[in-house]
Amino acid sequence: MCGIVAYSGKKDCVDFLMNGLRLLEYRGYDSAGIAVVNPIGDIEIRKECGMLHMLEKSLSNGPLQGKTGIAHTRWATHGKPTQNNAHPHLSQDKKICIVHNGIIENHDVLRHELKNAGIHFISETDTEVIPHLIARYLSQGMSMKNAFMKTLSRLEGAFAIAMIAKDTPGTIYAARKGSPLIAGFKDNEVFLASDASPFITRTREVLYLDEGDVLIFNGTSSRLFNVSSGRNKKIRTTRLNIKNLSIGLGGHESYTHKEIHEQPEILKRIIRLRLGNNRNAFQMCFNDLKIPDDFFRSIDRIYITGCGTAYHAGYIGKYYFEEFMDLPVEVMLSSEFRYAKPKLNKNNLVIAISQSGETADTLASILEAKKHGSTVLSVVNVLNSSIDRESHGVVYTHAGPEIGVASTKALTSQVITLLLLSIHIAQIRKEFKRKQKNPLLKEIFHLPSKVVKVLQAEKHIRSCALKYHLATSALYLGRHLNFPVAMEGALKNKEISYMHAEGYAAGEMKHGPIALINKALPVICICTASKTYEKMISNIKEVEAREGIIISLATEGDEQVKSFSHEVIYIPETAEELSPILNVIVLQMLAYYFAKHKGNQIDKPRNLAKSVTVE
Ligand code: AGP
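Everything in this summary refers to the structure shown in the same document. The structure displayed is predicted, hence computed values, not measured ones.

Analysis parameters
Residues numbered from 1 in each chain as written. Predicted model: local features only at pLDDT ≥ 70, side-chain atom pairs only at ≥ 80, totals over all residues. Heavy atoms only, no water. Helix = DSSP H or I, 4+ residues; strand = E, 2+ residues; numbered from the N terminus. Rg over C-alpha atoms; globule rule 2.2 N^0.38 Å. Buried < 20%, exposed > 50% of the residue type's maximum accessible area, 1.4 Å probe, protein only.

### Describing the overall build of the protein
Then, in step 1: Within the protein, the regular secondary structure consists of 19 helices and 25 strands.
Then, in step 2: Here the protein has a C-alpha radius of gyration of 26 Å; the compact-globule value for 615 residues is 25 Å, and the two agree.
Then, in step 3: C-alpha atoms of the protein, sized along the principal axes, occupy 80 × 55 × 45 Å.
Then, in step 4: Within the protein, buried positions represent 61% of all 615 residues.

Shown next as structure tokens:
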């Protein structure tokens, strides 16, 4: 969701800001804008509705120059994606200019107050109250810093803000509460961005702004304050210890395609990291998990929470934890977590799952769990993200940057991590029967090569998708571990091919969705070898009897499923616990080719944002 880039220093910043916006494109947006303090000291803005090339065009018609500037990609929440609603937003006197990510929940009250004071609003956004409020405090005689701080103290909701001001031309102001903002420092330059990618090639000395932090850089030095106390804080930078973010397509036609194909390597990396190289004497390694073993021995309940794909990964994880441990495990959507009032206590472990580490609902669930004294362990891809920093313990999924908005490698890296984590915790609790489960551990080492085999079915999946891509709806059925896989397959389909799809527990079909089945409905049936295989066969027969189009996922050599399916996609034989990983990759490819045959823009589906930083 909304991306922020900002700069203040000795160099012209327009190219840097535009490149930065390009690197944040994956977050999702529908308009973009840029503002600088120009060489004669005025604030100049360009903003456009639509993709970045519209803004580039506007800049080539009217180039900008400036050494202090802010830029933004907007994902519309309050107000349509129009040029007026695009950021940056100016105060009425055109002296204060800001970009904002988040939602100002009390904007109505503030707007009313400002309107009564004679302010004329240009946009429908919640954001526009901010520059007007700052300007109002300035007109009452406050210093720039105090007007900025005073305004922040009046804002309810979430924000990451960057501001420039005509009267302090070389100074940049930034603040964070609930939405991500990172500062980078180099000599007499300051960089700001929603993630480090825009400035990673310029500096690795970074400050992750904490809740309530206000950073002011005046061209030579930076100061950090806490917005509530107003007190000065010491700036403690950390050195980013990562390679330049690999963001190229590497010969693939899209990021989503690239990320689907990265999965064997990522799984191999995670398995090696957690289990070592010795297949006969594996040693579980979770050094990143900073929660004492004693706590795991004392837990009496586990909650797992996440949104979208991460929720589906968590749902699969629930089955792992329940299989290896004698503990109740509940999986809850993060957006429902607080309202469902889970009976949280200090003996509960709350596992929060998030690729981006910035999802507002997941973050809110973590804060709720902490409030009740529960211990939070997060399964996160992005290091130093808000969820990483708010959790008691973190297990990283090491999937590398995921640019495609539809999660693919994020899911499989989360699922394998949850499987290994559940075994690790079960071992600590002495509940994991090593002998009995050794075949599973051995099979885990074969997983990457089996994923390679699944990816070889791409051509077949592509032609299967060609036959059915114009269907208006699809039903995905699975049982037990593969029920969340059915939900994930349907989610992928909806997200990128815009085909209506439902993921159902196959046993539930006869309680309602069976009414939908007719000759035109593709029903994707996950029927690989499992404890529920026979039951799944019965459910597919119910589809057959109603003439639905049966597209099955079956284990290699299964002739029975083939005999009543319109299409079969074969999966290599594997342990049941690993089947979700192989099956979901087939469903990722199926959705991918449904979307491709329809000519959709796959990496950036309409209306979606990669990182959902509003509740
Ligand atoms: C899935 O394809 C989507 N990108 C979405 O459902 C995503 O999984 C969800 O928004 C959670 O994101 P997170 O993992 O970054 O928290």
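So, next bit.
### Observations concerning unusual backbone geometry
Then, in step 1: Residue P88 is reached from H87 by a cis peptide bond, and omega for that bond is 0 degrees.
Then, in step 2: With respect to the helices and strands, P88 occurs in the loop between β4 (68-74) and β5 (89-90).
Then, in step 3: Phi is positive for H480, which is not a glycine, with a value near 50 degrees.
Then, in step 4: With respect to the secondary-structure elements, H480 resides in the loop between β21 (473-478) and α16 (483-497).
Then, in step 5: Judged by relative accessible area, H480 falls into the partly exposed class, the value being 26%.
Then, in step 6: Non-glycine residue E547 carries a positive phi angle of around 65 degrees.
Then, in step 7: Mapped onto the fold, E547 is located in the loop between α17 (533-545) and β24 (549-555).
Then, in step 8: We classify E547 as partly exposed; its relative accessible area is 48%.

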